[in-house]
Protein chains: 4
Amino acid sequence: MNFLSDNAYGVLPEILAAVTAAAEGTAASYGSDDLSHSVEARLAAVFDTPVAAFAVISGTAANALALATLCPPHGAIFCHAEAHIAVDECAAPEFFTHGAKLVGIDGADGKVTPEGLTRALSHFLKGFVHHPQPAILSLSQPTECGTLYKPDEIAALAAIAHTHGMKVHMDGARFGNAIASLGVSPADASWRSGVDVLSFGATKNGAMGAEAVIFFTPADASDFAYRRKKAGHLISKMRFVSAQLVAYLADDLWLRAAQTANARATKLADGLSKIASVEVVHPTEANEVFLRLPVTLALKLRDGGAQFYDWGPPENDHSVIRLVTSFATPAEDAERFVALAQSK
Amino acid sequence: MNFLSDNAYGVLPEILAAVTAAAEGTAASYGSDDLSHSVEARLAAVFDTPVAAFAVISGTAANALALATLCPPHGAIFCHAEAHIAVDECAAPEFFTHGAKLVGIDGADGKVTPEGLTRALSHFLKGFVHHPQPAILSLSQPTECGTLYKPDEIAALAAIAHTHGMKVHMDGARFGNAIASLGVSPADASWRSGVDVLSFGATKNGAMGAEAVIFFTPADASDFAYRRKKAGHLISKMRFVSAQLVAYLADDLWLRAAQTANARATKLADGLSKIASVEVVHPTEANEVFLRLPVTLALKLRDGGAQFYDWGPPENDHSVIRLVTSFATPAEDAERFVALAQSK
Amino acid sequence: MNFLSDNAYGVLPEILAAVTAAAEGTAASYGSDDLSHSVEARLAAVFDTPVAAFAVISGTAANALALATLCPPHGAIFCHAEAHIAVDECAAPEFFTHGAKLVGIDGADGKVTPEGLTRALSHFLKGFVHHPQPAILSLSQPTECGTLYKPDEIAALAAIAHTHGMKVHMDGARFGNAIASLGVSPADASWRSGVDVLSFGATKNGAMGAEAVIFFTPADASDFAYRRKKAGHLISKMRFVSAQLVAYLADDLWLRAAQTANARATKLADGLSKIASVEVVHPTEANEVFLRLPVTLALKLRDGGAQFYDWGPPENDHSVIRLVTSFATPAEDAERFVALAQSK
Amino acid sequence: MNFLSDNAYGVLPEILAAVTAAAEGTAASYGSDDLSHSVEARLAAVFDTPVAAFAVISGTAANALALATLCPPHGAIFCHAEAHIAVDECAAPEFFTHGAKLVGIDGADGKVTPEGLTRALSHFLKGFVHHPQPAILSLSQPTECGTLYKPDEIAALAAIAHTHGMKVHMDGARFGNAIASLGVSPADASWRSGVDVLSFGATKNGAMGAEAVIFFTPADASDFAYRRKKAGHLISKMRFVSAQLVAYLADDLWLRAAQTANARATKLADGLSKIASVEVVHPTEANEVFLRLPVTLALKLRDGGAQFYDWGPPENDHSVIRLVTSFATPAEDAERFVALAQSK
């Protein structure tokens, strides 16, 4: 019962097959091969618009390169106070942007609100050189709390950002889980709602190591390729990364994998919410479940073979824990976990 | 007949098998899995000394992170004027080190000489704040010209560097080819000759995307892990990178693969050196052959199906071209190329 | 009635005389002159301990260089949420440190508390590469609210910082005002309370443009001189900066100037606190007075010739305003301001 | 007889008077005062074109900020191999640009030639991500050898640069000496010859510490003010810097001061060139004289009270030395030096 992370699971068979097939013969290096050339067009088809897209091999690289491409060193990047870019990337955005300021915004369930964004912006005077200048709004979809922005919520935030001359970045490390849950098109959840650049994750959802940075205004990406190279993120045998992305997008594999992960989380949340001593802390809208439960119960669950992270230190004899499900989480694991939590 | 790059070839079957095997089950992420934990010990065994070792997925990342770990922003890095770090990484070392100075040193056949190094150092006054301070000597092994430093040559250069308080970095993107050719131990060609940190490449020699940065004084590496994370180079499913390195080192696979590559280059050089109109420009000591030949002959070779890079623009109706062989270059390709070059 | 900033005032006559005298004859450049050499010893005498000290010409440079010298790129710098380094330097610390993370801590009257610091530290796991590593506690003395840390308050915070392996920086842009008010020795308010490095400001208190960065453990400063040069902050005719510092320290000029400034603020606060419609928002402990007053009264004061800044936007028909006094603020200006505020 | 540097001399009386006058009364800080506002217009008048101009207090800051404003992190900056930005600023440009590559070009008498520039550019392929992209040509005027580019020489180099999409920077730390010697207008020696941004130095020519960065296409400067602030180079009491620049430009003070310096150098060169054992190494076109002379003669000159720098280590019992003259170098010093060199 591994609920530590979707990263703990291996690779979708279709993706492994694609990597194996890519090993045949010779191919141009550094992304000049045919497979790599095809990635952009496939993403354009999925998103129903021309894009400039670039493969990288980590979510941190995707986020940091996307941000640095659109944010000058004297820019400010607004995000939720608990956003991954703010708290879990060892300040990679500050490094890649050469010192931009990340501004954390509080908000329930991991979500930035229009009020929160507006209030934060009020502290940054346009043209006042002592203040970093608002440059980017970064939204995590799903959020760090496993919740989702609906397209109209994104649009409302993006409208504020654009009014202030900012660009909108979406950290979609689990974008597939968001789309599978929202039931809207990738386009509606991104550029049609005002997203300018998307970190489109595949690794957590069944790839070996593959993410794409997708610019919906291709001209925005004019120097991305140089930044990627300069950061050591241009892979010589890029075809092995591209093969993963191509397989991931084919036949809606990415959405099917995400549906499985989401279903497992729903099953967990449904079962656990009926247990009196357990509180589901945030709405379970994708593939993460956050629970507040007695420390003794957490201990019993671990003794029973469940693996998961504590989300902060215990308070009042209760812990908040995080369960993450994946494309390969067995249904039985969810059932066993619920049963274990129910047992006296 | 693809002689463009060793990167053009796929993956050794043993490595593909290892990646496939690593896809089974769950594992801790970000390098906390058992396979990843084993990499350091295996490298220590190969190098016959305790090491601190870190996996990354590109040679540029390996070099830039190694350099940044040992060179302060106000440091100077001495290398051959044609070194990969100086001319082919879009100034990644300058980015990762936050503005260190790369100092190019001329030298025949791609090699830094003691005289060249001493002369270059004479322009940098110790303690004079207007000058970046000598911090690193970086040697490419094999060099950009496909030649090799013998252990005593490395030792002589390292002695000068150490006398000046500098560390010695070795860019071993093709380190396997060097060891297979030199016939000395990995230890003798590295730390026993004064190398402090090695970029140990596997990708060009049959991995999918895997390099290791090896510090021979583990204390030198104290902040490497943070720099790797901050640069987006800590892979979440690290086991897939580690699996490649483990398979690469097992049963001398890396040396056998390199021997094949080197043998193909030797065959090319032997055959081509007998052709009157063709000059082998640098000694062929690893898996690269540099030729000066009439432009018309280069054209004929390309028409005959050979792929290779021009090494600079033509002069006096002659081109310099580079041929690179790999673990998977067919012996017949080398024979066909020579035959094509001989034919009237 | 200029209460906009202490920066709005000119130069102490003794400092102008010193600059004029320094213009005579020739002198070694870049700080190698006798006057510049003497600055360190004079600061050591004032602080009653050996120091490594360096002159710069702006407070932002002093802070950013001090922080970068002691904080690695993957470090975290803890400071009050409203600290100057956090909100008013266009993210200079992030630039100079190459991407360190500034962590803002809330606290009444601009002061960091032990509880606030401890809570903030709890979010940063030691050795966890995803988190920037706690490296610096930065305290502003006086704070952005014109309040002061007493030596034992500094010591309590420094003890927490040192326990976590962090260094303590003090932003003393108005350090003279603090010492003049606290009535303790410079040593007690700095290194004896655990401060490792001090940005010692002179500009706001009557210099033309001169600050010193003072390291109380000289070995900590080993690469400061290179960082200063690399940032363009090593002045060629350094004697003109050094002359200011020497004159500033001579005969307690700095303390006398600060006493004047503080006395003006006290006079303002004393008078204003007796007016029913005016609230003194923070204790007036140095040379800044913060008032909450009706917007109409603020308008009347401006109409009457007073210059000052609003501190944030008005709320409920009241503004918070800041008054800053200086070494040269006329006593009559303080009296006139109070009278104007009292008048119907 | 101080010929070490023009920096060794103090301040022009007119500039000291202006600084003294600026100390009166209160003024807006951070460059918002009237005097500071007037600088741009005065420079526009001197250069006969609208400009965007910014004051800083060091030549390194002027150069590094100018370069960083126009060169992306993945850009390449071409300059003479001995240029100040390349060898004497502790790699400040690499820091400010976040890792751009400086490309040194050899050339007689410190000058870049069209052939040298064209050859250097041939190594940088446009659009090839492995290569930094040509972004800036930086010319020093006068050069590090005290020689000058004539306007048509600048124009020829600028034409090549512009054809390659590059901008042209001029390091005019001694620009006044260049104009005083060339006898052409500031406009002809800068933007009319293709210069896009000029580091306009005043410090070496009689200011206390004042330089201006002048953009001849104001739109190029859109983010300069933020970069200046972020680097700690926005001075709070900016009026003291602006006062220097205003006085420097008034009544051609800058040109008169430079004429004095140049005349001293000419007197030295004329006298010394007649001495058999002394060779004037480069044409003396501004205020620097380079001599090759017996080590014994250098010793005798120093024994006689002359101060100057060796320009590299002695070879064959001869030294190359540099003499720099300034606005305040006594004519007698030049005469005494020549006489001393002539004496048996």
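Above: the structure in question.
Just so you know, these numbers come straight off a predicted model, no measurement behind them.

A. Looking closely at the side chain of B:Ser236. Its place among the elements puts B:Ser236 in the loop between helix 9 (224-230) and helix 10 (239-249). Note on B:Ser236: relative accessible area 11%, which makes it buried. At a separation of 3.2 Å, a polar atom in the side chain of B:Ser236 contacts the side chain of A:Asn7. Those residues in contact with B:Ser236 that lie beyond four places of it in its chain are A:Asn7, A:Thr203, B:Ser29 and B:Tyr30.

B. Here's a closer look at the interface of chain C and chain A. Listed by partner, the interface residues are 20 residues for chain C and 20 residues for chain A. Of the roughly 1400 Å² buried at the junction of chain C and chain A (both faces included), carbon and sulfur atoms supply 49%. Its largest share of buried area at the contact with chain A, chain C owes to C:Cys90, C:Glu94 and C:Lys101, together 35% of the area lost on that side. Inspection of the chain C/chain A interface yields two salt bridges. Across the pair C:Lys101 and A:Glu94 runs a salt bridge whose closest N-O atoms are separated by 2.8 Å.

C. Up close: the packing of helix 11 (residues 253-272) of chain D against helix 13 (residues 331-342) of chain D. All names here are of chain D. Where helix 11 contacts helix 13, the two axes come as close as 9 Å, and the packing angle between them is 15°. By the angle class used here, helix 11 and helix 13 are roughly parallel. Considering how the two elements wind past one another, helix 11 and helix 13 form a crossing that is right-handed. Only Ala-331, Ala-334, Glu-335, Phe-337, Val-338, Ala-341 and Gln-342 of helix 13 make contact with helix 11, whose side of the interface consists of Arg-264, Lys-267, Leu-268, Gly-271 and Leu-272.

D. Expanded view of the sheet that holds strand 2 (residues 75-80) of chain A. Residue and element names in this part refer to chain A. Taking strand neighbours across the sheet as the criterion, the seven strands line up as 1-7-6-5-4-2-3 in an open arrangement whose pairing is mixed. Bordering the open sheet on either side are strand 1 (52-56) and strand 3 (101-105), each of which pairs with just one other strand. Here the average twist between neighbouring strands, direction ignored, is 20°. Here strand 2 runs beside strand 3; their pairing, made up of five bridges, is parallel. Across the sheet, the residue bridging to Ile-77 is Leu-102, located in strand 3.

E. Region of the structure containing the relation of the copies chain C and chain A. Turning chain C through 180° and shifting it by 0.0 Å along the axis lays it on chain A, with an RMSD of 0.0 Å. Taken together, the rotation and translation describe the operation of a two-fold axis. For chain C, the smallest separation between a C-alpha atom and the rotation axis is recorded for C:Gly99, amounting to 2.6 Å. A shared binding surface is used by both copies, with 100% of the interface residues of chain C retained as interface residues in chain A.

F. Representation of helix 12 (residues 295-303) of chain B in the model. Residue and element names in this part refer to chain B. Where helix 12 is concerned, the buried positions are Leu-297, Ala-298 and Leu-301. Down the axis of helix 12, the smallest arc covering the buried residues is 105°, so these residues share one side. Exposed and oriented more than 90 degrees from the buried face of helix 12 are Thr-296, Leu-299 and Asp-303. Elements that come into contact with the buried residues of helix 12 comprise strand 9 (288-294) and helix 13 (331-342). In the segment just after helix 12, Gly-305 is the residue with positive phi, at about 105°.

G. Spotlight on the environment of B:Ser181. Residue and element names in this part refer to chain B. Its place among the elements puts Ser-181 in helix 8 (residues 175-182). Between the C-alpha atoms of Ser-181 and Asp-88, which are 93 residues apart in sequence, the distance is 25 Å. Filtering out sequence-adjacent residues up to four positions away, Ser-181 remains in contact with Leu-148, Asn-262 and Glu-285.

H. Examining the nonpolar core more closely. Among the nonpolar cores identified, the biggest contains 201 residues, and A:Phe78, A:Phe200, B:Phe78 and B:Phe200 are the most heavily contacted of them. Excluding residues within four positions of it along the chain, A:Phe200 makes contact with A:Leu43, A:Phe47, A:Gly172, A:Phe175, A:Glu211, A:Ala212, A:Ile214, A:Tyr248, A:Leu249 and A:Trp254. Ranked by size, the runner-up nonpolar core spans 140 residues in total, among them C:Ala247, C:Leu253, D:Phe200 and D:Tyr248.

I. A look at the packing of aromatic side chains. Per the stated rule, a full pass over the model turns up 70 aromatic pairs over all chains. Between B:Phe3 and B:Phe337 the ring centres are 5.3 Å apart and the planes differ by 80°, which places this aromatic pair in the edge-to-face class. Placement of the pair is B:Phe3 in the segment before helix 1 (13-22) and B:Phe337 in helix 13, with a sequence separation of 334 residues. Here the two residues B:Phe3 and B:Phe337 agree in accessibility, since each one is buried. On the basis of an interplanar angle of 70° and a centroid distance of 5.3 Å, the ring pair of D:Phe95 and D:Phe96 is categorised as edge-to-face. You'll find D:Phe95 and D:Phe96 in the same group, each marked buried. Put simply, the rings of A:Phe47, A:Phe175, A:Phe200, A:Phe216, A:Tyr248 and A:Trp254 touch in pairs and so form one group of aromatic residues.

J. Just the sheet that holds strand 9 (residues 288-294) of chain A, in detail. Residues and elements named next belong to chain A. If you trace the four strands from one edge of the open sheet to the other, you get 8-9-11-10, paired in antiparallel fashion. Here the strands that pair on one side only, and so sit at the sheet edges, are strand 8 (279-280) and strand 10 (309-310). Here strand 9 pairs with strand 11 (residues 318-324) via seven bridges, running antiparallel. The partner of Leu-293 across the bridge, within strand 11, is Ser-319. Taken strand by strand, helix 12 (residues 295-303) contacts strand 9, strand 10 and strand 11, and its axis lies near 120° from that of strand 9.

K. A look at the interface of chain B and chain A. If you look at the interface, chain B gives 46 residues, while chain A gives 46 residues. Buried surface at the junction of chain B and chain A, summed over both partners, amounts to about 3600 Å²; 61% is from carbon and sulfur atoms. Together, B:Phe95, B:Lys230 and B:Lys237 form the three largest contributors to the area buried by chain B at its contact with chain A, with a combined 21%. In this structure, the connection of chain B to chain A is made through zero salt bridges. Where chain B meets chain A, there are 29 residue pairs in polar contact (both at pLDDT 80 or more). If you list the elements that add at least two residues to the side of chain B that touches chain A, you get helix 1, helix 3 (59-70), helix 5 (92-96), helix 9 and helix 10 of chain B. Of the residues belonging to the side of chain B that touches chain A, the class tally is 23 nonpolar, 15 polar and eight charged.

L. Highlighting the pairing of strand 6 (residues 197-201) of chain B. Residues and elements named next belong to chain B. A large share of strand 6 lies buried, amounting to five of its five residues. Burial along strand 6 is two-sided: the face carrying Val-197, Ser-199 and Gly-201 and the face carrying Leu-198 and Phe-200 are both buried. Looking at chain direction, strand 5 (residues 167-172) and strand 6 are connected through four bridges and run parallel. Across the sheet, Gly-172 pairs through a bridge with Phe-200, a residue of strand 6. With helix 8 bridging strand 5 and its parallel neighbour strand 6, the resulting β-α-β unit is right-handed. Bridge analysis of strand 6 against strand 7 (residues 211-215) gives five bridges, and the strand direction is antiparallel. For Gly-201, the partnering residue across the bridge sits in strand 7 and is Glu-211.

Definitions and limits used
- Residues numbered from 1 in each chain as written.
- Chains lettered and ligands numbered in written order.
- Predicted model: local features only at pLDDT ≥ 70, side-chain atom pairs only at ≥ 80, totals over all residues.
- Heavy atoms only, no water.
- Helix = DSSP H or I, 4+ residues; strand = E, 2+ residues; numbered from the N terminus.
- Buried < 20%, exposed > 50% of the residue type's maximum accessible area, 1.4 Å probe, protein only.
- Polar contact = N/O pair within 3.5 Å; in protein donor to acceptor, adjacent residues only side chain to side chain.
- Contact = heavy atoms within 4.5 Å.
- Buried area = accessible area lost by both parts, 1.4 Å probe.
- Salt bridge = Lys/Arg side-chain N within 4 Å of Asp/Glu carboxyl O.
- Axes fitted to C-alpha atoms, helices over the stretch in contact; angles between N-to-C directions.
- Parallel < 35°, antiparallel > 145°, perpendicular 65-115°, else oblique.
- Left-handed = near helix turned anticlockwise from the far one by under 90°.
- Pairing = 2+ DSSP bridges.
- Least-squares fit on C-alpha atoms with pLDDT ≥ 70 in both.
- Arc of directions from axis to C-beta.
- Core = buried A, V, L, I, M, F, W, Y, C linked by side-chain atoms within 4.5 Å.
- Phe/Tyr/Trp six-rings, centres within 6.5 Å; stacked < 30°, edge-to-face > 60°.
- Nonpolar A, V, L, I, M, F, W, Y, C, P; charged D, E, K, R; others polar.
- Right-handed = clockwise from strand over helix to strand, strands pointing away.

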